[in-house]
Amino acid sequence: DQQVKQNSPSLSVQEGRISILNCDYTNSMFDYFLWYKKYPAEGPTFLISISSIKDKNEDGRFTVFLNKSAKHLSLHIVPSQPGDSAVYFCAASRNYGQNFVFGPGTRLSVLP
Amino acid sequence: DSGVTQTPKHLITATGQRVTLRCSPRSGDLSVYWYQQSLDQGLQFLIQYYNGEERAKGNILERFSAQQFPDLHSELNLSSLELGDSALYFCASSVGAGGVDNEQFFGPGTRLTVL
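Predicted model, so just to flag it, every value in this text is computed and none were measured. (Residues numbered from 1 in each chain as written. Chains lettered and ligands numbered in written order. Predicted model: local features only at pLDDT ≥ 70, side-chain atom pairs only at ≥ 80, totals over all residues. Heavy atoms only, no water.)

J.: Give me the pairing of strand E5 (residues 45–51) of chain A: which residues, what numbers.
T.: All names here are of chain A. The buried fraction of E5 is high, at five of seven residues. Bridge analysis of strand E4 (residues 32–38) against E5 gives six bridges, and the strand direction is antiparallel. Within E5, the residue paired with Tyr 36 across the bridge is Phe 46. In sequence, E4 turns back onto E5 through a hairpin of six residues, with Ala 41 there showing a positive phi of about 65 degrees. (Buried < 20%, exposed > 50% of the residue type's maximum accessible area, 1.4 Å probe, protein only. Helix = DSSP H or I, 4+ residues; strand = E, 2+ residues; numbered from the N terminus. Pairing = 2+ DSSP bridges.)

Below you can see the structure in the form of structure tokens.
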């Protein structure tokens with residue numbers, strides 16, 4: 001039973017355009033959400049987070065939106081750059097940051 | 001470079017064997033987390049230690065155990081290995097035990113292959 005779902009295994013976007021990565025969750029008790037980026041042969045690196053008291057958090061080119069009623073969050077990357085090509089994991093937790101549940105990841109390819 | 005080191009990088013062993021994976025957290029981090037990533041799966045949280053004590057437990061099998069030593073490095077022991085245990089095992093560390101802004105920094109992982 002996957003509590004965190006990323007239904008698109010892969011996504012291709014043209015350089016300079018917007019990348020939108022989606023994540024759905026089933027557990028309404030989740031109150032803290034993160035996005036991680038992973039390059040091949042490296043561990044995941046933290047990108048951006050959002051707590052359930054907010055519906056948007058922005059950090060440079062990266063914005064995360066949270067829709068609690070739909071149990072959906074999305075990561076927007078604007079403008080997309082070739083260096084953004086990686087696997088992106090969505091993660092969720094209860095109690096603000098323990099026992100993270102990760103999604104299966106979405107592979108983003110930004111084409112020059 | 002996250003500052004988290006994991007050894008070995010690759011490990012190939014046979015079914016029924018036992019292996020130990022090692023993790024050194026970033027300097028100053030008190031928490032260590034272990035995750036398993038099987039093929040096409042997300043990262044599965046296994047266990048967390050904070051300052052030497054078990055803090056949280058996830059989907060860790062009884063054949064697996066972990067500990068955190070006084071110098072804060074951690075070891076994950078996998079025994080009676082099965083083919084399905086083949087995976088990438090990641091260690092992460094953070095300053096605190098949890099909570100907002102307690103960012104986890106991941107090591108490069110250990111790839112375990114069970115033949």
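Right, picking up where we left off after that structure.
J.: How would you explain the interface of chain B and chain A if you had to name every residue and give the values?
T.: The partner chain A presents 17 residues to the 21 residues of chain B that form the contact. With both chains or domains summed, chain B and chain A bury close to 1,500 Å², and 57% of this area falls on carbon and sulfur atoms. Considering only the surface of chain B that becomes buried against chain A, B:Leu43, B:Val100 and B:Phe106 emerge as the three largest contributors, covering 28% of it. At the boundary of chain B with chain A, the tally comes to zero salt bridges. Every element with two or more residues in the side of chain B that touches chain A is listed here: strand E4 (31–37), strand E5 (43–50) and strand E6 (53–57) of chain B. Broken down by element, the side of chain B that touches chain A gets its largest block of residues, three residues, from E6(B). Of the residues in the side of chain B that touches chain A, the class split is nine nonpolar, seven polar and five charged. (Contact = heavy atoms within 4.5 Å. Buried area = accessible area lost by both parts, 1.4 Å probe. Salt bridge = Lys/Arg side-chain N within 4 Å of Asp/Glu carboxyl O. Nonpolar A, V, L, I, M, F, W, Y, C, P; charged D, E, K, R; others polar.)

J.: Report on the packing of aromatic side chains, specifying residues and quantitative values.
T.: Geometrically, a pair of aromatic rings is defined through the distance of the ring centres and the angle of the planes. This structure, assessed with the given rule, holds 13 aromatic pairs over all chains. Taking the centre distance of 6.3 Å and the plane angle of 45 degrees together, the rings of A:Tyr32 and A:Phe100 count as tilted. Within this pair, whereas A:Tyr32 is found in strand E4, its partner A:Phe100 is found in strand E10 (residues 98–102), the two being separated by 68 residues in sequence. Residue A:Tyr32 is classed as buried on the basis of its relative accessible area of 4%. Among the residues examined, A:Phe100 registers a relative accessible area of 4% and is labelled buried. Joined through ring pairs, the aromatic side chains of A:Tyr36, A:Phe46, A:Phe89, A:Phe102, B:Tyr35, B:Phe45, B:Phe90 and B:Phe106 make up one cluster. For B:Arg26, the ring lying beneath its charged end belongs to B:Phe105, and the centroid distance is 3.6 Å. Directly above the ring of B:Tyr50 sits B:Arg55, whose terminal nitrogen or CZ lies 5.9 Å from the centroid. (Phe/Tyr/Trp six-rings, centres within 6.5 Å; stacked < 30°, edge-to-face > 60°. Lys NZ or Arg CZ within 6 Å of the ring centre and 35° of its normal.)

J.: Now, about the pairing of strand E7 (residues 64–68) of chain B: what can you tell me, with residues and values included?
T.: Residues and elements named next belong to chain B. Of the two faces of E7, only one is covered, namely that formed by Phe 64, Ala 66 and Gln 68; the face formed by Ser 65 and Gln 67 stays uncovered. Here five bridges tie E7 to strand E8 (residues 74–78), and the two strands are oriented antiparallel to one another. Of the residues in E8, the one forming a bridge with Ser 65 is Asn 77. The loop that links E7 with its antiparallel partner E8 comprises five residues; one of these, Leu 72, has a positive phi angle of about 80 degrees.

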